[in-house]
Each structure stands twice: as C-alpha cells, then as structure tokens.
Amino acid sequence: MFNVIKRDGEVAAFQLSKITQAIEKAFQAQEKQYTPDMMEMLGLRVTADFQKKIKKDQVSVEDIQDSVENVLIQCGYSEVAKAYILYRKQLCESRRLACKRKFYGYLFRRRTDLKQFRSSNGKLLVV
C-alpha cells in the first residue's frame, strides 16, 4: 500500500477508515442521511482521486483532504463539502493557536530560566 505524510512530518500507514469517518462526520454535521455503503463508495472515490498525487508511495494529508472536498462536490454533496471545509478550517485554527500557546509558553519558561543563575557557591541569584 502507501503511507500518509501528516502535518508534523510523521509518516503513517494509509487507512481508508479515516477517510470514511471524516466524511461521516461531515454528513452528520449537516444532518444528512447516509449508509455504510455510501461512505465506503465515497472513500474509494477519494482514494482514486488522489492516486495521481502519490509520489514514492506517499501522499500528504492535505492532498487527501483536498480529494475529499472534490469528491463530495462531484457527487452532489456540496453542503456536506462546505461542512467539511469549515471543519478543516476550525482544526487548522485550533492547531495554529495550540502551536502559538506552546511557543509563548516556551518563551516564558526560557525567559524565567535566563533570569535565574547560580553563583559559584551554589546560591541562586535572580537577575
């Protein structure tokens, strides 16, 4: 099979179930009815859509998500595609904010560390 390159650079084995679960969530968000067979068919169409983007047995998660959007629109589920796109944007924003919080937390700890030094006799000096 092939692997998926995640946003953080980690490589994981491709799992069709992750695509179908994401599509199911988008259908649920729009309160659209669906069957397991529909989800599998849409998942397989997504897989076919991003085949041309696979290089050296790897594909990026963004390419897969773009294919999900394309397939949903092509199959007449534009409202579901909109829900999926909005969900993607929300996840992107929450990842960005989490990264920002982590970065500022690091800076705060680093600044605190820089203010504290130990003298030659082991006493803590605060600058």
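Rules used throughout
Residues numbered from 1 in each chain as written. Predicted model: local features only at pLDDT ≥ 70, side-chain atom pairs only at ≥ 80, totals over all residues. Heavy atoms only, no water. Helix = DSSP H or I, 4+ residues; strand = E, 2+ residues; numbered from the N terminus. Buried < 20%, exposed > 50% of the residue type's maximum accessible area, 1.4 Å probe, protein only. Polar contact = N/O pair within 3.5 Å; in protein donor to acceptor, adjacent residues only side chain to side chain. Contact = heavy atoms within 4.5 Å.

## Thoughts on the side chain of Ser67
Mapping Ser67 onto the fold places it in helix 3 (residues 61-74). Judged by relative accessible area, which is 0%, Ser67 ranks as buried. A polar contact is formed between the side chain of Ser67 and the side chain of Asp49, at a distance of 2.6 Å. Ignoring any residue separated from it by four or fewer positions in sequence, one finds Ser67 in contact with Val46, Asp49, Phe50 and Lys53.

## Considerations on the side chain of Ser60
The topology assignment puts Ser60 in strand 3 (residues 58-60). Taking the relative accessible area as the measure of exposure, Ser60 reaches 19% and is therefore buried. Ignoring any residue separated from it by four or fewer positions in sequence, one finds Ser60 in contact with Val4 and Ile5.

## Digging into the environment of Asp49
Along the chain, Asp49 turns up in helix 2 (residues 36-49). With relative accessibility at 14%, the residue Asp49 sits in the buried group. In this structure the C-alpha to C-alpha distance between Asp49 and Ser67, which are 18 residues apart in sequence, comes to 5.8 Å. Excluding anything up to four places from it in sequence, Asp49 contacts Ser67, Asn70, Val71 and Gln74.

Everything listed here is a matter of geometry and, on its own, says nothing about what the molecule does.
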